[in-house]
Amino acid sequence: MDTVSILQHYWWFLVSLLGALLVFLLFVQGGQSLLFTIGKTELQQKALLNSVGRKWEFTFTTLVTFGGAFFASFPLFYSTSFGGAYWVWILILLCFVLQAVSYEYQAKKGNLLGRKTYQVFLILNGILGPVLIGTAVGTFFNGANFVVNKTNLTDLGMPVISYWAPYHGLQLHGLEAALNLWNLLLGLAVFFLARILALLYFINNINEDNIRTRSAKQLIIETALFLVFFLTFLVHWLLQDGFAIDPSTEEKKVFLQPFKYFMNLFEMPIVLAVLLTGVAGVLFGIIRTILSSAWTKGIWFAGTGTVLTVLALLLCAGWNDTAYYPSLADLQSSLTIENSSSSLFTLKAMSVVSVLIPFVLAYIFYAWRALDLRKIDTREMEDSEHTY
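What counts, and where the lines are drawn
- Residues numbered from 1 in each chain as written.
- Predicted model: local features only at pLDDT ≥ 70, side-chain atom pairs only at ≥ 80, totals over all residues.
- Heavy atoms only, no water.
- Helix = DSSP H or I, 4+ residues; strand = E, 2+ residues; numbered from the N terminus.
- Expected span 1.5 Å × (residues − 1).
- Buried < 20%, exposed > 50% of the residue type's maximum accessible area, 1.4 Å probe, protein only.
- Arc of directions from axis to C-beta.
- Contact = heavy atoms within 4.5 Å.
- Salt bridge = Lys/Arg side-chain N within 4 Å of Asp/Glu carboxyl O.
- Polar contact = N/O pair within 3.5 Å; in protein donor to acceptor, adjacent residues only side chain to side chain.
- Patch = residues over 30% accessible without salt bridge, like charges linked within 9 Å, V, L, I, M, F, W, Y side chains within 5 Å.
- Areas by Shrake-Rupley, 256 points an atom, 1.4 Å probe, with all protein chains shown as cover.
- Pairing = 2+ DSSP bridges.
- Phe/Tyr/Trp six-rings, centres within 6.5 Å; stacked < 30°, edge-to-face > 60°.
- pLDDT = per-residue confidence, 0-100.
- Axes fitted to C-alpha atoms, helices over the stretch in contact; angles between N-to-C directions.
- Parallel < 35°, antiparallel > 145°, perpendicular 65-115°, else oblique.
- Left-handed = near helix turned anticlockwise from the far one by under 90°.

Re helix α7 (residues 86–105)
Okay, step 1: For α7, which comprises 20 residues, the first-to-last C-alpha distance of 28 Å matches the rise-based estimate of 28 Å (1.5 Å per residue) to within 8%.
Okay, step 2: Here α7 has its buried residues at V88, I92, C95, F96, Q99, S102 and Y103. Taken end-on, α7 shows its buried residues confined to a sector of 120°, consistent with a single buried face.
Okay, step 3: As for α7, its buried residues are in contact with α2 (27–33), α4 (42–53), α5 (56–73) and α8 (115–142).

Printed below as a string of structure tokens:
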């Protein structure tokens, strides 16, 4: 590999890692969607909201960082997807804006809409956020409806490199992703995974027997639903034709290769090991929690497993001569880490800045630990003035 290729692979790894961390942090959304399922009294609901509410900034910040890293390292993806499939991204953004406003104003006295209205907003964010993000990620494997033509840069009237193609005669600008069964399956799998992680987090973070008991029972239901959607998607993903790059051609042509993602795992054994370790971690965290009512550390095993599993899936999407953003309208318009990356200078400059990432992670760990030193209980919800 030359320097450019090494940096492209390095930045795809960082973007994939940020995406994996984002999926883990969606437990905040999962917890919001369970507000009235697990919380049967006002104090219990308040405890649930404060449990995940103290972490919502981490999710929002990771989402913004993920988008920023993608923009800086692979700007053609950013301009193509955010510029063409803008309805999907606008809906995702509105969901998170709704979340921020709800946490800020729900506990304020005299707010016009009332606490219950803001709680409903949080539930909407908890449902739509994971489903929309999972559906959008599904396009990395199932393709999107765009065309890229770099010669348009010479068009003084409209120098637009990429544009979104109509879907069955309709200009849906990304909303058609939700009409793809496999994208939707991944979106639902992410949704139920977020709820699983939230339940495990409640068991770990809230010192309330009723909430822990109810969470453990609900965990069985959410796990069954998650396995149905995730395993269906995973089997299809392993068996489907993937979007491969032919490195022997000068144009680096993209073509459909049978079992491409399945082959990626075996041609990248470390990625396969990461995937298997991640799946084992998720299952161990869930099963051990279900079998032992006294064990509360399932969130850390399942959370780590989630990060590893999503990381492996995203690495398979971009590494090993694979088009990470396939075009259904024009196969040769598909985006790869080579044809969509920033310049060598930009990649080098950003790589120097990326040295600060471990320090940022260390600060997040410190802040997280400080917030979780004391378990939440209903007594705190009655006495404390600094609650959501």
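So, next bit.
Quick notes on the pattern of salt bridges
Okay, step 1: Overall, the coordinates contain 2 salt bridges when judged by the stated rule.
Okay, step 2: Two residues, E222 and R195, come together in a salt bridge whose shortest N-O distance is 2.9 Å. Here E222 is found in helix α10 (residues 209–239), whereas its partner R195 is found in helix α9 (residues 181–205), with 27 residues between them in sequence. As far as burial versus exposure is concerned, E222 and R195 are alike and both buried.

Topic: α9
Okay, step 1: The end-to-end C-alpha separation of α9 is 36 Å, in line with the 36 Å expected for 25 residues at 1.5 Å each.
Okay, step 2: Taking burial as the measure, the 25 residues of α9 include 21 buried ones, the bulk of the element.
Okay, step 3: One side-chain oxygen at the N-terminal end of α9 lies 2.8 Å from the backbone nitrogen of W182; it belongs to N180.

Comments concerning the side chain of S340
Okay, step 1: Tracing the chain through its elements places S340 in the loop between α13 (298–318) and α14 (344–353).
Okay, step 2: Here Y324 takes part through its side chain, which lies 2.7 Å from a polar atom of the side chain of S340.
Okay, step 3: Ignoring any residue separated from it by four or fewer positions in sequence, one finds S340 in contact with S73, F74, P75, L76, F77, Y324 and L335.

With respect to a nonpolar patch on the surface
Okay, step 1: A cluster of nonpolar side chains, contributed by V235, L239, F259, F262, M263 and F266, occupies part of the molecular surface with about 560 Å² of accessible area.
Okay, step 2: If one sorts the elements of the nonpolar patch by residue count, helix α11 (residues 260–267) sits on top with 3 residues.
Okay, step 3: What makes F262 partly exposed here is its relative accessible area of 34%.

Considerations on the environment of R54
Okay, step 1: In this fold, R54 is placed in the loop between α4 and α5.
Okay, step 2: Its relative accessible area of 18% is what places R54 among the buried residues.

Digging into the side chain of S351
Okay, step 1: In this fold, S351 is placed in helix α14.
Okay, step 2: When its relative accessible area of 15% is taken as the criterion, S351 is described as buried.
Okay, step 3: Side-chain polar atoms of S351 contact the side chain of W11, separated by 3.1 Å.
Okay, step 4: Not counting residues within four places of it along the chain, the set of residues in contact with S351 comprises L7, Y10 and W11.

A few points about the pairing of strand β3 (residues 242–245)
Okay, step 1: Along β3, one buried face is formed by G242 and A244 and the opposite face, lined by F243 and I245, is buried too.
Okay, step 2: Across 4 bridges, β3 lies against strand β4 (residues 254–257) in antiparallel orientation. The residue of β4 that forms the bridge with I245 is V254.

Observations concerning the packing of aromatic side chains
Okay, step 1: For the coordinates displayed, the defined rule picks out 45 aromatic pairs.
Okay, step 2: An angle of 35° between the planes, with centres 4.6 Å apart, marks the rings of W12 and Y324 as tilted. A residue pair is termed long-range when its members are at least 10 positions apart, and W12 in helix α1 (residues 3–25) and Y324 in the loop between α13 and α14 qualify at 312 residues.
Okay, step 3: Aromatic pair F58 and W368: ring centres 5.6 Å apart, planes at 20°, arrangement stacked. Of this pair, F58 sits in helix α5 while W368 sits in helix α15 (residues 357–371), and the two are 310 residues apart along the sequence.
Okay, step 4: Assessed through its relative accessible area of 11%, W368 is described here as buried.

Re the confidence of the model for the protein
Close reading of the predicted structure is inappropriate where its pLDDT is low.
Okay, step 1: On average, the protein scores 89 in pLDDT, and the residues at 70 or more come to 95%.
Okay, step 2: Helix α12 (residues 269–291) holds the highest mean pLDDT among the elements of the protein, 97, whereas helix α16 (residues 378–383) holds the lowest, 68.

Some thoughts on unusual backbone geometry
Okay, step 1: Notably, N320 is not glycine yet its phi reads approximately 60°, a positive angle.
Okay, step 2: Within the element layout of this structure, N320 appears in the loop between α13 and α14.
Okay, step 3: For N320, a relative accessible area of 22% gives the class partly exposed.
Okay, step 4: Residues other than glycine seldom take positive phi values, yet D321 does so here, at roughly 55°.
Okay, step 5: Positionally, D321 belongs in the loop between α13 and α14.

Details of the packing of α9 against α10
Okay, step 1: Taken N-terminus to C-terminus, the directions of α9 and α10 make an angle of 155°; their axes are 8 Å apart at the nearest point. When the axes of α9 and α10 are compared, the pair comes out roughly antiparallel. Once α9 is placed against α10, the crossing between them reads as left-handed.

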